[in-house]
Amino acid sequence: MSIKSIIYGILFPVGFVLMQPASAAFINLTPSSTSILLGNTVQVAISADIDAAEAIIGLGFDLSLNPGGLFDFVGFTPGALFADDPLYLAPLSDSDGIRGASNGDLFTGPAIYGSDILLGTLHLKAVGMGTGVVSLLADDLNFFFTEGLIPEDPGLVNFLPPVTDASITVTANNTIPEPPLGILIGIGVAAMLRSEPRLRRYDVNR
């Protein structure tokens, strides 16, 4: 075997490892419906796959609704493994700060990791028509320890893994309610009672 083959045999596996993504975590946004009527409310579940090496004790996101004016933020319900971060005063979660801590405690809450973990659920009301995209942001990564996914390991930094945005289309409610059957029957009877038979007139001189 040539020296060149040996070198390639060593470098190829190393290069393959270096090309792998640094984070094994990712976040999915799953709406309860991808098409809703104007005025209705839609729920968007935030779930994540988190590697054991990146186990988290909390989360914090900013919500992006694009375009604006299509949805109103109604509320956020933390997943069963989380609770609103007690370090903040009410309102604990709004469109500018969706937060959660492991069992509500960033200091002693258990580390959380695994597949398809429900981080929480967004509640949005459709107030305009069109197609909107729901995204999560974290603009204070590596600065404030309050956004992104907050790791248990103090040697790691908070991070925002890839997020699959949710696309939701809002359509107008064009359904015209049908009148009750009783009203229709009443209208028909009234019309029959008001009508009079018309007698044909004949010209006797013809």
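**Notes on the overall build of the chain**
Right, on to step 1. Counting its secondary structure elements, the chain contains two helices and 12 strands.
Right, on to step 2. Across the chain, helices and strands are ordered from the amino to the carboxyl terminus as α-β-β-β-β-β-β-β-β-β-β-β-β-α.
Right, on to step 3. Sequence-distant contacts in the chain: of pairs separated by 6 or more residues, those separated by 24 or more amount to 74%.
Right, on to step 4. Carbon and sulfur atoms make up 61% of the accessible area of the chain, which amounts to about 13,400 Å² in all.

**Some remarks on the pairing of strand 3 (residues 41–50)**
Residues in a regular strand point their side chains to alternate faces of the sheet.
Right, on to step 1. Pairing between strand 1 (residues 26–31) and strand 3: six bridges, direction antiparallel. Following the sheet pairing, Asn28 is matched in strand 3 by Ser47.
Right, on to step 2. Bridge count between strand 3 and strand 8 (residues 114–126): nine bridges; the pairing is antiparallel. Paired with Gln43 across the bridge in strand 8 is His123.

**Considerations on the nonpolar core**
Right, on to step 1. Ranked by size, the top nonpolar core spans 31 residues in total, and within it Phe71, Leu119 and Leu149 carry the most contacts.
Right, on to step 2. For Phe71, the contacting residues outside a window of four places in its chain are Ile36, Val42, Leu65, Leu124, Lys125, Ala126, Val127, Gly132, Ile168 and Val170.

**Description of unusual backbone geometry**
Right, on to step 1. Of note, the bond from Asn66 into Pro67 is cis; its omega dihedral lies within 30 degrees of zero at 0°.
Right, on to step 2. Of note, Pro67 is situated in the loop between strand 4 (56–66) and strand 5 (71–78).
Right, on to step 3. Despite not being glycine, Asp116 has its phi angle at roughly 55°, a positive value.
Right, on to step 4. On the basis of relative accessible area, Asp116 is assigned to the exposed category, the value being 58%.

**Quick word on the pairing of strand 9 (residues 130–137)**
Right, on to step 1. Here five bridges tie strand 4 to strand 9, and the two strands are oriented antiparallel to one another. Across the sheet, residue Leu65 finds its bridge partner in strand 9, namely Val134.

**Notes on the environment of Asn66**
Right, on to step 1. Take Asn66: it is sitting in strand 4.
Right, on to step 2. With 66 residues separating them in the primary sequence, Asn66 and Gly132 have C-alpha atoms 5.5 Å apart.

**Observations concerning the sheet that holds strand 8**
Right, on to step 1. Spatially, 5-8-3-1-11 is the arrangement adopted by the five strands of the open sheet, whose pairing is mixed. Each end of this open sheet is capped by a strand with a single partner; those strands are strand 5 and strand 11 (163–164).

**Focus on the environment of Thr146**
Right, on to step 1. Inspection of the secondary structure assignment puts Thr146 in the loop between strand 9 and strand 10 (148–151).
Right, on to step 2. Between the C-alpha atoms of Thr146 and Leu59, which are 87 residues apart in sequence, the distance is 7.1 Å.

**A short note on the environment of Ser115**
Right, on to step 1. Mapped onto the elements of the fold, Ser115 is located in strand 8.
Right, on to step 2. Residues Ser115 and Asp51, spaced 64 residues apart in sequence, show a C-alpha to C-alpha distance of 8.2 Å.
Right, on to step 3. Non-local contacts of Ser115, meaning those with residues more than four positions away in its chain, are made with Ala48 and Asp49.

The rules behind the values
Residues numbered from 1 in each chain as written. Predicted model: local features only at pLDDT ≥ 70, side-chain atom pairs only at ≥ 80, totals over all residues. Heavy atoms only, no water. Helix = DSSP H or I, 4+ residues; strand = E, 2+ residues; numbered from the N terminus. Contact = heavy atoms within 4.5 Å. Areas by Shrake-Rupley, 256 points an atom, 1.4 Å probe, with all protein chains shown as cover. Pairing = 2+ DSSP bridges. Core = buried A, V, L, I, M, F, W, Y, C linked by side-chain atoms within 4.5 Å. Buried < 20%, exposed > 50% of the residue type's maximum accessible area, 1.4 Å probe, protein only.

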